[in-house]
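So you can see what is in the structure, the chains are spelled out below.
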Amino acid sequence: MKIWLDGALQDIESARVSVLDHGLTVGDGIFETVKAVHGRPFALTRHLDRLTRSARGLGLPDPDHDEVRRACAAVLDADPVPLGRLRITYTGGHGPLGSDRGDHGPTLVVAVGETTRRPDSTAVITVPWTRNERGVLTGLKTTSYAENVVALARAREQGASEALFANTMGQLCEGTGSNVFVVLDGEIHTPPVASGCLAGITRALAAEWTGAKETDLPLDVLERAEEVFLTSTLRDVQAVHRVDGRELPDAPGPVTAKAMRIFQERAANDLDP
């Protein structure tokens, strides 16, 4: 396995980031996860644009898109897995132990790992913790991911693959690493970005390709939705067959199945939509 680190490919055994890197000491970093199909990244331009938005939100220098593209191509050429998780990590770089940044410049790491296709449906739970729709990190894909780790561990304990959050106003927001859609009266709805959710790449494509509406939704919509599905880079569109104790035994339902089919067809026709 080869890792791109600060300008060159390195063996995983020799690739080293400083223990004083700000991404490690205070979570001062951002990242993107990109699906790679037979050595080719999906929707890379959209991911790079979001990487830049996240960098600006943290006050980091804009990442060099040409360098990131070279890094992605290099690691994929070195390990062209059939289905891969391409991870781009960009941090504040070597810095002091406190919150102030150093002047060494940012760190760029790109790596790829093999993954498998997700099941057509999954179980989710809701958790008692909330997303802060007014927080400084809202809408940024940062390495400050500990609350997602805790919530996802809770989901795993309950036989689910994802945990869903409300925001501070009690509205449905997002999962730990996914966006959520519900079907009401045959129509697809998803929480707006103003709810505090991440502007997911797959979310945007799925909404555009299916005509889904952005709607403020109470968390308890999950108790009455006809269908529920998740979107994310590696899930694409995935049906939900259980929310907490509520079973949706026919998942994927007809609306979700159509969304899954549309996404699969459109994504196959354009790797950089």
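Predicted model only: the values in this text are computed from it and were never measured. (Residues numbered from 1 in each chain as written. Predicted model: local features only at pLDDT ≥ 70, side-chain atom pairs only at ≥ 80, totals over all residues. Heavy atoms only, no water.)

J.: What exactly am I supposed to notice about the overall build of the protein chain here?
T.: A count of helices and strands for the protein chain gives 6 helices and 15 strands. Computed over C-alpha atoms, the radius of gyration of the protein chain comes to 19 Å, within 12% of the 19 Å expected from 2.2 N^0.38 for 273 residues, which places it in the range of a compact globule. Each principal axis of the C-alpha atoms in the protein chain carries an extent, and together these give about 55 × 40 × 30 Å. Out of the 273 residues belonging to the protein chain, those deemed buried represent 49%. (Helix = DSSP H or I, 4+ residues; strand = E, 2+ residues; numbered from the N terminus. Rg over C-alpha atoms; globule rule 2.2 N^0.38 Å. Buried < 20%, exposed > 50% of the residue type's maximum accessible area, 1.4 Å probe, protein only.)

J.: Is there a simple way to think about the side chain of R131 in this case?
T.: Along the polypeptide, R131 turns up in strand 7 (residues 121-131). In this structure the side chain of R131 is engaged in a polar contact, spanning 3.3 Å, whose partner is the backbone oxygen of G175. Those residues within four positions of R131 in sequence are excluded, and the remaining contacts are E147, N148, F165, A166, N167, T168, C173, E174, G175 and T176. (Polar contact = N/O pair within 3.5 Å; in protein donor to acceptor, adjacent residues only side chain to side chain. Contact = heavy atoms within 4.5 Å.)

J.: Would you explain the pairing of strand 11 (residues 187-190) in this entry?
T.: Within a regular strand, the side chains alternate between the two sheet faces. Here strand 10 (residues 179-184) runs beside strand 11; their pairing, made up of 3 bridges, is antiparallel. Of the residues in strand 11, the one forming a bridge with V182 is H189. Counted along the chain from strand 10 to the antiparallel partner strand 11, the turn is 2 residues long, and its residue D185 has a positive phi close to 50°. When strand 11 meets strand 12 (residues 213-214), the two strands line up parallel, connected through 2 bridges. Bridge pairing links H189 to K213 in strand 12. (Pairing = 2+ DSSP bridges.)

J.: Where do I start with the pairing of strand 5 (residues 83-91) in this structure?
T.: Taken together, the 9 bridges between strand 3 (residues 29-37) and strand 5 define a ladder with antiparallel strand orientation. Note that in strand 5 the partner of E32 across the bridge is I88. Sheet analysis places strand 5 next to strand 6 (residues 107-114), joined by 8 bridges and oriented antiparallel. Paired with R85 across the strands is G113, a residue of strand 6.

J.: How do you make sense of the packing of helix 2 (residues 44-58) against helix 5 (residues 201-210) when you look at a structure like this?
T.: Two measures define how a pair of helices packs: the angle their axes make with one another and the distance between the axes. Two numbers describe how helix 2 lies on helix 5: the axes approach to 10 Å, and their chain directions differ by 125°. With respect to each other, helix 2 and helix 5 are oriented oblique. Regarding helix 2 and helix 5, the two cross each other, and that crossing is right-handed. Contacts between helix 2 and helix 5 involve R46, H47 and R50 from the former and I201, A204, L205 and E208 from the latter. For the contact of helix 2 with helix 5, the residue count by class is 3 nonpolar, 1 polar and 3 charged. (Axes fitted to C-alpha atoms, helices over the stretch in contact; angles between N-to-C directions. Parallel < 35°, antiparallel > 145°, perpendicular 65-115°, else oblique. Left-handed = near helix turned anticlockwise from the far one by under 90°. Nonpolar A, V, L, I, M, F, W, Y, C, P; charged D, E, K, R; others polar.)

J.: Explanation requested: the sheet that holds strand 5 in the structure shown.
T.: In sheet architecture, strand pairing relies on hydrogen bonds along the backbone and comes in two forms, parallel and antiparallel. Overall, antiparallel pairing links the 6 strands, which are arranged 2-1-6-5-3-4 in an open sheet. Pairing within the sheet leaves two strands with one partner each, and these edge strands are strand 2 (8-11) and strand 4 (40-41).

J.: Please clarify how the pattern of salt bridges should be interpreted in this entry.
T.: A side chain of one charge can pair with a side chain of the opposite charge if their charged atoms are brought near each other. Here the structure, examined in full by the defined rule, presents 12 salt bridges. The residue R50 makes a salt bridge to E32 at a minimum N-O spacing of 2.7 Å. Here R50 is found in helix 2, whereas its partner E32 is found in strand 3, with 18 residues between them in sequence. Accessibility expressed as a relative area gives 0% for E32, which makes it buried. With a shortest N-O distance of 2.5 Å, E214 and R203 are connected by a salt bridge. Of this pair, E214 sits in strand 12 while R203 is found in helix 5, placing the two residues 11 residues apart along the sequence. Here the residues in one salt-bridge network are R117, R118 and D120, joined through shared partners. (Salt bridge = Lys/Arg side-chain N within 4 Å of Asp/Glu carboxyl O.)

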